[in-house]
Every structure is written in C-alpha cells, then in structure tokens.
Amino acid sequence: MAETQVRKADHLRICLEESVQFQQTTNGLENYKFTHCCLPEINRDEIDLTTSFFGKKLAAPLLISSMTGGTEFAGEINQRLAKIAQHYNIAMGVGSQRVAVEDPQVGKTFAVRSHAPNALLFANLGAVQLNYEYGIDQCEKVIDLLAADALILHLNPLQECVQTKGDTNFRGLLAKIAKLCKKLPVPVIAKEVGNGISGEMAQKLIDAGVAGIDVAGAGGTSWAKVESERAQDPMQRRLGRTFTDWGIPTAECIVSVRDVAPDVPLIASGGLRDGLEVAKAIALGADLAGLAMPFLQAAAVSEAALHELVQVLMAEITTVLFCTGNATLKDLKHSKALKRLG
C-alpha cells in the first residue's frame, strides 16, 4: 500500500477508535440559545427545510463533510454516504483525492456519482499541492472522477506541520488559487480542516475568486491530535499534543465571515453534532451545515444507522423551527430567535 493510502487508512482508524476531539476548545455554539415560542402559529407538518446551494435545491441544509477515500474500507464508507445523500437530497464532499491522482486504481473509492446521480457533490484537494506540481490538470481530473459540482481546496497548515514529512510550503498559494478559480469549470470552495477561517482570510479568498467558504472551525476533530497519534517521532507527537486545541471556534468563524461577506455561500462545519447545533449555525448566517464524525460513525455501522442519523437531524432542525415560530430556514435566519448568552 502506498504511503498516502496508509495515511488515509490510519486517519479512518484513529478517528473511529481514538480520542481525537478538541480537549478544551468548543465550537462556541453553546454561547447561543434560542428563545422559545410557546405559540408558534404554524403547522409543524408544513415546515420547509429546503434550501439551495450553488443553484441546486436541497431537501435540508445538511452537508456530509469531506472525510475519506483511497482504501477499500473508505470506498465502502463513501458508497454508503453517497446513497444517503441521494436518498435525502443533501450535499456530500469526499476526502482528499490526492491519493487517486497518485494511484488511479483507487479512484473507484471516490467515484460515487453512480450512487448519487442527483446529489450536490464536492471534489477535494489540498490547496498546498499547488506548490507541489499540482495544477489545473490534476484539479480537473478529480472533478471529473466524481462528476463534481464544485471543488473543495482544503487549507491545513497546522495538520501539515504535525504530519510527519508534511507539505509546509504555503508561499504564493493565494495567487495560484486565483488562477485556478478563473480556469476551472466548477466553483471553488475554500475549506479549513478544523482550525477555522477568519473573516479577514475569507475576504482574501473571495477576492481571489473563491465562490464559497467552509469555515471548518475548531471544536470537533483535532487533526493535530490525529496526526500526533500516528506520528513517527517524538517531536511530531509533542507538536500534535501542544496544538490539539488550536483554532477559531466555529461560531466565531460564521459571525466573522458573515460580517465581511454577507452574501457568499457559506458552510458551517467543525464540531457540529446534532440538529440543534445545525439550526444555530444557520441562524448565525450559514447556508449549509457540515457534519463529519457523526456520519463517519454511522457509516461504519450500517446504512440503517445513516438513515436513522439523517432522520433525527432533520427532526431536530424541524423542532427548532417549530419552537421558534419559523416556517422556513429563511424565516429562521431573519428572526431574532437566537440570542448570545452573557
């Protein structure tokens, strides 16, 4: 198995078996609370969770966040997730497809369009690879492999610092991202991997031509901790432990990005674990809410577990709308039902 494939297998195993969540930093959503409405004056059965993203209508504001690919087990996980995305008409991203560029034989572990012919699907590459001989050809290859609606360029400087032999030359990337955005046939989403995107950085990325932002804030899985668990030397392990709680909480990211970019398509992810947190993220200004760990844990069990997860998430979001007197997500966003505590 090639080095990148081994890393992907390690990531899955560690995320499922080890304690790799942020230890002290939270997603920040506990600092907000909805005001209960005792008389909603709406019919719960008529509540509408539909939304649209990049022109595609979705049944709920849910994204199965980018996780995996490149191994046989990862391929099974991606197939299960894709079937769920299709069944419920929600969005899905795949994990980094660098491994499929290096070894086309594992491309099939990402090629899930046949299982999700109508779903909103996001391809995925690390932005830093643009400094390591990647360019338009490799980006188009991963887009074509998935027949993707958009390309995620993930930004992971801390993970690369902790990862043994990580790719840490981030010099000049913004200009390369700008050139890529002009040439690609699909929109580009800039995404962190769990340490957050500030309003200032979001503005720079948008100015460069990025069409969407996924804040991927702190508070969920710590990739510094993940890389620490698989590090090959004591210094890398120490780095991962030291920086386990590094990052900008998800709630803070949403607010700061919305302050500078009121209209940019915005995805909230990073430590979201239930439909109440999804609703809080939407009320703060996000258009979609991405969850990774809950979907990974369910997918590792069965398709039935995934059905149960999506159904409860949708029920939780619906309950928030009902108990705040809002019939649609747009109503929720424009309401003042979400209050910051303290």
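Conventions used here
Residues numbered from 1 in each chain as written. Predicted model: local features only at pLDDT ≥ 70, side-chain atom pairs only at ≥ 80, totals over all residues. Heavy atoms only, no water. UniProt positions renumbered as here; feature names shortened; annotations may be inferred. Helix = DSSP H or I, 4+ residues; strand = E, 2+ residues; numbered from the N terminus. Rg over C-alpha atoms; globule rule 2.2 N^0.38 Å. Contact = heavy atoms within 4.5 Å. Areas by Shrake-Rupley, 256 points an atom, 1.4 Å probe, with all protein chains shown as cover. Lys, Arg positive; Asp, Glu negative; His and termini not counted. Charge placed at Lys NZ, Arg CZ, Asp CG, Glu CD. Core = buried A, V, L, I, M, F, W, Y, C linked by side-chain atoms within 4.5 Å. Buried < 20%, exposed > 50% of the residue type's maximum accessible area, 1.4 Å probe, protein only. Phe/Tyr/Trp six-rings, centres within 6.5 Å; stacked < 30°, edge-to-face > 60°.

Under an unreviewed UniProt entry, the protein chain has the name Isopentenyl-diphosphate delta-isomerase and belongs to Floridaenema aerugineum BLCC-F46. UniProt lists a comment for the protein chain under the heading Subcellular location (unreviewed entry), and it reads "Cytoplasm". UniProt, in its Subunit (unreviewed entry) section for the protein chain, records the words "Homooctamer. Dimer of tetramers."

Even after reading the chapter, I still don't get the overall build of the protein chain, so can you show me in this structure?
If you tally the helices and strands in the protein chain, you get 14 helices and twelve strands. Relative to the 2.2 N^0.38 estimate, which gives 20 Å for 342 residues, the radius of gyration of the protein chain is 19 Å and therefore close to what a compact globule would have. Taking the contacts inside the protein chain whose residues are at least 6 apart along the sequence as the reference set, 78% of them involve residues at least 24 apart. Carbon and sulfur atoms form 50% of the exposed surface of the protein chain, whose accessible area is close to 14600 Å². Taken together, the 34 basic and 38 acidic charged side chains of the protein chain have centroids lying 3 Å from each other.

Which parts of the structure should I look at to understand the nonpolar core?
One recurring pattern in soluble globular proteins: nonpolar side chains tend to sit buried together. Leu62, Ile90, Met92, Leu151, Ile213 and Phe295 are the most contacted members of the largest nonpolar core, which has 96 residues in total. When residues of this core are assigned to their parent elements, the largest contribution, nine residues, is made by helix H13 (residues 303-324). Residues Leu58, Leu63, Leu120 and Ile152 belong to the second largest nonpolar core, which totals eleven residues.

In this structure, what is going on with the packing of aromatic side chains? I would like to understand it.
Pairs of aromatic rings are described using the distance from one ring centre to the other and the angle between the two planes. Enumeration according to the criterion identifies three aromatic pairs in this entry. Seen in terms of ring centroids, Phe53 and Phe54 are 4.7 Å apart; in terms of plane orientation they differ by 50 degrees. Their pairing is tilted. Ring centres 6.3 Å apart and planes at 55 degrees place the aromatic pair Phe53 and Phe122 in the tilted group. Here the residue Phe53 occupies a position in strand S2 (residues 51-53), and Phe122 occupies one in strand S6 (residues 121-126), the gap between them amounting to 69 residues. Judged on exposure class, the residue Phe53 and its partner Phe122 are both buried. Cluster of aromatic residues (ring-pair linked, three or more members): Phe53, Phe54 and Phe122.

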